[in-house]
Amino acid sequence: PEQKNADPSSFLKGMFSRVAGACDGVRVNGPKAQEENGYRIAYAQIYCGRQKGAQFGVNMFFKVVKGTDSLYVIQREFRVPPTEVGGVTTFDEDQMEEMKALMKAQSVANSYLLGSVYVCGGQSTDKRCDSRPPR
């Protein structure tokens, strides 16, 4: 099917297979499908231990929303030290500040995707969509 008509979970499963071809040591969480404010959505996290041809891994967080006319894909990505197992990031003892910064940034990104990303439209039940100024 066309991307804009794809189911959010199906879209993410396709993304998993594409990432698996570009990374070594892949681990995924999700997709977790649900309905949110009248729309079908899915969340997922992909942990790439080492991107092929690069000296780093990548942690990717996704939220996909199936709108009336489009599929909205919101992604936050973090480069991390390479590892054999995706999602298991190691730091040297002298990298404590880098580790804390990564953990905080990933927590903020996850909170943003879960609580601040939403779609307004004809089928939205989100109260934040009611605050539009009058015409």
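Before any of the text, the structure's been laid out above.
Residues numbered from 1 in each chain as written. Predicted model: local features only at pLDDT ≥ 70, side-chain atom pairs only at ≥ 80, totals over all residues. Heavy atoms only, no water.

Turning our attention to the state of the cysteines. With the rule as written, the count across this model stands at two disulfides. Between Cys23 and Cys48 runs a disulfide, and the two sulfur atoms are separated by 2.1 Å. Measuring handedness by torsion sign, the sulfur bridge of Cys23 and Cys48 sits at about -100° and is left-handed. Highlighted residues: Cys23 in strand β1 (residues 23-36) and Cys48 in strand β2 (residues 39-51), separated in sequence by 25 residues. The exposure classification of Cys23 matches that of Cys48, with both residues buried. Across the disulfide from Cys120 sits Cys129; the S-S distance is 2.0 Å. Classification of the bridge connecting Cys120 and Cys129 rests on its S-S torsion, roughly -90°, and on that basis the disulfide is left-handed. Take Cys120: its relative accessible area is 35%, and that puts it in the partly exposed class. Across the chain, the way the bonded cysteines pair up, counted in sequence order, is 1-2, 3-4. (Disulfide = S-S within 2.5 Å. Helix = DSSP H or I, 4+ residues; strand = E, 2+ residues; numbered from the N terminus. Buried < 20%, exposed > 50% of the residue type's maximum accessible area, 1.4 Å probe, protein only.)

Next up on the list: the environment of Val88. The residue Val88 is located in the loop between β4 (71-80) and α2 (96-115) in this model. For Val88 and Arg27, which are 61 residues apart along the polypeptide, the C-alpha to C-alpha distance reads 9.4 Å.

Across its 20 residues, α2 extends 28 Å between first and last C-alpha, which sits within 8% of the 28 Å expected from 1.5 Å per residue. Every buried residue of α2 is listed here: Leu102, Gln106, Ala109 and Leu113. Down the axis, α2 shows its buried residues gathered within 60° of arc, on one side only. Exposed side of α2, more than 90 degrees from the buried face: Glu97, Met103, Lys104 and Val108 are the residues found there. Lining the buried residues of α2 we find β2, β3 (57-66) and β4. (Expected span 1.5 Å × (residues − 1). Arc of directions from axis to C-beta. Contact = heavy atoms within 4.5 Å.)

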